[in-house]
Amino acid sequence: MEELTPKVVRTTSLSEFKVNGRKFSCLTSYDALTAGAFDEAGIEVLLVGDSAADNVLGYSSTLPITVDEMIPFGRAVAGATKRALVVVDMPFGSYETGAEDALANGIRIMKTTGAGAVKLEGGERSSSAISALVTAGIPVMGHIGFTPQSMHALGGFKVQGRGDSRDQLIEDALAVQAAGAFGVVLELVPAELATEVSKLLTIPTIGIGAGAGTDGQILVWTDFAGLHAGKPRKFVKRYLELRSDLVKAAAAYRNEIASGEFPTQENEF
Ligand code: KIV
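So, here's what we can say about the structure. Throughout, residues of each chain are indexed from 1 in the direction in which the sequence is written. The predicted origin of the model limits local features to residues at a pLDDT of at least 70 and limits the giving and counting of side-chain atom pairs to 80 or more, whereas totals for whole chains, interfaces and linings rest on all residues. Processing note: side-chain calculations cover all non-hydrogen atoms of the structure and skip hydrogens and water entirely.

Only runs of H or I of at least four residues qualify as helices and only runs of E of at least two qualify as strands under DSSP, and these elements are numbered from the N terminus. In terms of helices and strands, the protein carries ten helices and eight strands. Relative to the globule expectation of 18 Å for 269 residues, the C-alpha radius of gyration of the protein, 20 Å, shows essentially globular dimensions. Seen through its C-alpha atoms, the protein measures out along the principal axes to roughly 65 × 40 × 40 Å. Only protein chains enter the calculation, and the probe is 1.4 Å; a residue is then buried if its accessible area is under 20% of its type maximum, exposed if over 50%, and partly exposed in between. Burial analysis of the protein (269 residues in total) assigns 46% to the buried set. Taking contacts inside the protein between residues at least 6 apart in sequence as the whole, the part at least 24 apart equals 57%. The method behind every accessible area is Shrake-Rupley, applied with a 1.4 Å probe, and residues are considered shielded solely by the protein chains displayed. Approximately 13,200 Å² of the protein is accessible, and the part contributed by carbon and sulfur atoms is 56%. Here Asp and Glu are counted as negative and Lys and Arg as positive; His is not counted, and neither are the chain ends. Where a charge lies is defined by one atom per residue type: Lys uses NZ, Arg uses CZ, Asp uses CG and Glu uses CD. Averaging the coordinates of the 24 positive side-chain charges in the protein and doing the same for the 32 negative ones gives two points 4 Å apart. Each radius of gyration is computed over the set of C-alpha atoms, and the globule rule expresses the reference value as 2.2 Å times the number of residues to the power 0.38. Residues are treated as being in contact if the distance between any of their heavy atoms lies within 4.5 Å.

Written out as structure tokens, the structure is:
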């Protein structure tokens, strides 16, 4: 079916996927080379996440990254992508101060990166920013549950929507949808609740640490590729062991230089 294998993935394609029960995949990307590879693999959505803050820029959280810092990552990913929908995260401080700021920053991101949509965090509290952007013609992906930009208010990296906060999470999901978002990320939400929210909403849900009942899944690419040292978090599946392979490759390179094995005549001009 053509609409289920679109030549170019648009926000409307994700709705079609949901209607047809076709699960879709999303990965973060911050550079042209990974974007080109993930796009070629058929990943439907590439998120230029503000997780670039810790994964690329070495900050200890996503809070410090700015719009100025996000733009080159967005441009690199959008420029290397032929088919996937590219979504750029609006960083902390770029939309919380009101709809006018959200609009100015959203327009700047869309104009300068070539992305197809933006993402911002928060449910009811972000609905006026979402609706201002959507009214201006900018597609918005919401993000509720654990929202890393509010990690201090949430008391750290914790599952959300348990106990008393369950109803609020459902309210947040409905508010994001009512504000006009085309999809919503559910991060660190109990699987049973994420499944219920996915059935309740007409827009697609994208889970990370939210079980198998969401319409799509997202992982941070450095997690999925095993680029971090140490044990991965419970919701991560590593499809590569890139860090240990890089360490092995770098050691082999170093040893071959020391022994004179590299370069050879084949590498000469
Ligand atoms: O910035 C990011 O990587 C994200 C994902 C965790 C969804 O927002």
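On we go.
Before going further, it helps to spend a moment on the pattern of salt bridges. Counted as salt bridges are all cases of a side-chain nitrogen of Lys or Arg within 4 Å of a carboxyl oxygen of Asp or Glu. For the coordinates displayed, the defined rule picks out eight salt bridges. Between K18 and D215 there is a salt bridge whose closest N-O contact spans 2.9 Å. Placement of the pair is K18 in helix α1 (residues 11-19) and D215 in the loop between β7 (205-208) and β8 (216-219), with a sequence separation of 197 residues. As far as burial versus exposure is concerned, K18 and D215 are alike and both buried. In this structure, D68 and R108 form a salt bridge, with 2.6 Å as the shortest nitrogen-oxygen distance. Taken together, the residues D68 in helix α4 (residues 67-79) and R108 in helix α5 (residues 99-113) connect sequence positions 40 residues apart. Since its relative accessible area comes to 51%, D68 is described here as exposed. On the accessibility criterion, R108 (35% relative accessible area) is partly exposed.

Residues are labelled near a given molecule or strand when at least one of their non-hydrogen atoms is within 4 Å of it. If you check the shell around the ligand, you find T28, L47, G49, D50, S51, D89, K119, H143, E187, I208 and V220 and nothing else. As used in this structure description, the phrase polar contact means that two N or O atoms lie within 3.5 Å; if the pair is within protein, one of them must be able to donate a hydrogen and the other to accept it, and residues adjacent in sequence are counted only when both atoms belong to side chains. The side chain of S51 places a nitrogen or oxygen atom 2.5 Å from an oxygen atom of the ligand. Protein burial of the ligand: of its 260 Å² of free accessible surface, 96% is covered by the chains.

Our next topic: the side chain of S126. By the secondary structure assignment, S126 is in the loop between β4 (117-119) and α6 (127-135). At 2.7 Å, the side chain of S126 forms a polar contact with the backbone oxygen of E121. Excluding residues that lie within four positions of it along the chain, S126 makes contacts with Y95, L120 and E121.

We call two strands paired when DSSP finds no fewer than two bridges between them. Here eight strands make up a closed barrel; going around it, the order is β1-β2-β3-β4-β5-β6-β7-β8 and the pairing parallel. Across the sheet, the mean angle separating the axes of adjacent strands is 25 degrees when strand polarity is ignored. Two strands pair when backbone bridges link them, and strand β6 (residues 183-187) and β7 are joined in this way by four bridges, in the parallel orientation. By the bridge assignment for β7, E187 is matched with I208. Axes, fitted as lines to C-alpha atoms, cover a helix only where it is in contact. Angles between the N-to-C directions of the axes lie from 0 to 180 degrees.

So, on to the pairing of β7. Because side chains alternate across β7, one face comprises the buried residues T205 and G207, and the other comprises I206 and I208, equally buried. Pairing between β7 and β8: two bridges, direction parallel. When the bridges of β8 are listed, G207 appears paired with Q217.

Working definition: rings of Phe, Tyr and Trp (its six-membered ring) pair if their centres are within 6.5 Å, and the pair is stacked with planes under 30 degrees apart, edge-to-face with planes over 60 apart, and tilted otherwise. Applying the stated rule across the entire model yields seven aromatic pairs. Aromatic side chains F146 and F157 sit 5.0 Å apart centroid to centroid with 70 degrees between the ring planes, which places their arrangement in the edge-to-face category. Highlighted residues: F146 in the loop between β5 (140-145) and α7 (165-178) and F157 in the loop between β5 and α7, separated in sequence by eleven residues. Taking the relative accessible area as the measure of exposure, F146 reaches 3% and is therefore buried.

For the rest of this paragraph, the subject is the packing of α7 against helix α8 (residues 191-200). In the contact formed by α7 and α8, the axes pass within 11 Å of each other and the chain directions differ by 30 degrees. Between α7 and α8, the angle is such that the two are roughly parallel. You can see that α7 and α8 cross each other, and the crossing is right-handed. Listed contacts from α8 to R166, L169, I170, A173 and L174 of α7 are E192, L193, E196, V197 and L200. Residues are grouped as follows: Ala, Val, Leu, Ile, Met, Phe, Trp, Tyr, Cys and Pro are nonpolar; Asp, Glu, Lys and Arg are charged; every other residue, Gly included, is polar. Here the residues of the contact of α7 with α8 sort into seven nonpolar, no polar and three charged. Reported orientations rely on four angle classes, namely roughly parallel under 35 degrees, roughly antiparallel over 145, roughly perpendicular from 65 to 115, and oblique for the rest. Two helices crossing with the near one rotated counterclockwise from the far one by less than a right angle form a left-handed crossing, whereas a clockwise rotation gives a right-handed crossing.

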